[in-house]
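Chain residues, written in single-letter form:
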Amino acid sequence: MCQSTPPAELVLVMDATAGRHARRFLDGHWCPVHAADLRAQGDLVVTELVTNAVRHGAPPAVLALDCAAQEGVVVRVSDADPRRPQLRHADPDALGGRGIALVDVLSAQWGVEPAPHGKTVWSRLVSGTPTG
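Since the model is a prediction, treat every value here as computed from it, not as a measurement.

Enquirer: Account for the overall build of the protein chain, naming residues and giving values.
Expert: Helix and strand content of the protein chain: three helices and five strands. Each helix and strand of the protein chain, ordered N terminal to C terminal, gives the series β-α-α-β-β-α-β-β. Looking at the 132 residues of the protein chain, the share that counts as buried comes to 40%. Summarising the internal contacts of the protein chain: among those between residues at least 6 apart in sequence, 60% fall at separations of at least 24. Within the structure as shown, the protein chain displays about 7,400 Å² of accessible surface, and the carbon and sulfur contribution to it stands at 54%.

Enquirer: Could you give an account of the environment of Val11, with specific residues and numbers?
Expert: By the element assignment, Val11 lies in strand β1 (residues 8–11). Separated by 50 residues in sequence, Val11 and Ala61 have C-alpha atoms that sit 6.0 Å apart.

Enquirer: Give me the lowdown on the confidence of the model for the protein chain, citing residues and values where you can.
Expert: Summarising the model, the protein chain shows a mean pLDDT of 89, and 88% of its residues fall at 70 or more. Here helix α3 (residues 99–106) stands out as the least confident element of the protein chain, with mean pLDDT 89; β1 is the most confident, with 98.

Enquirer: Lay out the sheet that holds strand β3 (residues 73–79) with the relevant residues and their values.
Expert: Pairing in this open sheet of five strands is antiparallel, and the strands run β1-β2-β3-β5-β4 from one edge to the other. For this open sheet the edge positions go to β1 and β4 (109–115), each flanked by a neighbour on one side alone. The sheet shows a mean angle of 15 degrees between the axes of neighbouring strands, direction not considered. Where strand β2 (residues 62–67) lies against β3, six bridges are found, and the strand directions are antiparallel. Bridge pairing in β3 places Cys67 opposite Val73. Contacts between helix α1 (residues 18–29) and the sheet are confined to β1 and β2, with β1 contributing the most and set at about 160 degrees to the helix.

Enquirer: Lay out the environment of Thr5 with the relevant residues and their values.
Expert: By secondary structure assignment, the location of Thr5 is in the segment before β1. In this structure the C-alpha to C-alpha distance between Thr5 and Ala69, which are 64 residues apart in sequence, comes to 9.2 Å. Those residues in contact with Thr5 that lie beyond four places of it in its chain are His29, Trp30, Cys31, Pro32 and Cys67.

Enquirer: For α3, give the residues involved together with the corresponding values.
Expert: Buried within α3 we find Gly99, Ile100, Val103 and Leu106. Looking straight down α3, one finds that the buried residues subtend no more than 130 degrees of arc, so they occupy a single side.

Enquirer: Describe the packing of α1 against helix α2 (residues 39–56), naming the residues involved and giving the relevant values.
Expert: Packed helices, taken two at a time, are described by the angle their axes make and the gap between the axes. Two numbers describe how α1 lies on α2: the axes approach to 9 Å, and their chain directions differ by 145 degrees. Here the hand of the crossing between α1 and α2 comes out right-handed. Taken together, the residues of α2 that come into contact with α1 (itself represented by Ala18, Gly19, Ala22, Arg23, Leu26 and Asp27) are Arg39, Gly42, Asp43, Val46, Thr47, Val50 and Val54. Of the residues contributing to the contact of α1 with α2, the split by class is six nonpolar, three polar and four charged.

Enquirer: Which residues make up empty space enclosed by the protein, and what are the values?
Expert: Applying the stated criterion across every chain, the model contains one cavity of 30 Å³ or more. The space that makes up the largest cavity amounts to roughly 30 Å³. Lining the largest cavity, in full, are Thr5, Pro6, His29, Cys31, Leu65, Asp66, Cys67 and Val73. With three residues, β2 is the single largest residue contributor to the lining of the largest cavity. Across the lining of the largest cavity, the residue classes break down as five nonpolar, two polar and one charged.

Cut-offs used in this document
- Residues numbered from 1 in each chain as written.
- Predicted model: local features only at pLDDT ≥ 70, side-chain atom pairs only at ≥ 80, totals over all residues.
- Heavy atoms only, no water.
- Helix = DSSP H or I, 4+ residues; strand = E, 2+ residues; numbered from the N terminus.
- Buried < 20%, exposed > 50% of the residue type's maximum accessible area, 1.4 Å probe, protein only.
- Contact = heavy atoms within 4.5 Å.
- Areas by Shrake-Rupley, 256 points an atom, 1.4 Å probe, with all protein chains shown as cover.
- pLDDT = per-residue confidence, 0-100.
- Pairing = 2+ DSSP bridges.
- Axes fitted to C-alpha atoms, helices over the stretch in contact; angles between N-to-C directions.
- Arc of directions from axis to C-beta.
- Left-handed = near helix turned anticlockwise from the far one by under 90°.
- Nonpolar A, V, L, I, M, F, W, Y, C, P; charged D, E, K, R; others polar.
- 1 Å grid on protein atoms, 1.4 Å probe; cavity = no way out; pocket = protein on both sides within 12 Å on 5 of 7 lines; lining within 4 Å.
- Points joined across faces, edges and corners; volume = space filled by probe spheres on them.

Written as structure tokens, this is what we have:
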């Protein structure tokens, strides 16, 4: 359990500004003690999960952030649509379809938890996790 940074949540606006608001939220809630080296990964993962929730999910959507010290930072994005995101392999010319693939590469672990009114997609980022 992190003693430096408490868990935090943000109710997302379901529009094109959601990713920007989510990254600003990270500015004030990212753990500088246990996860400073993970911030760039965190920005990408949060942007992809939030974008998926806005494009394919249903309101309300909530971003949650929790630092578990050496166990990593867990990012969760919940929305009211029960459909699970799909890991796809997009064609090189495709304009989209790479979000969950990026989350898969950047995360030490990730998954989807069904909820009574939707789902939560989560990602655990851990220092020293290889990327690429």
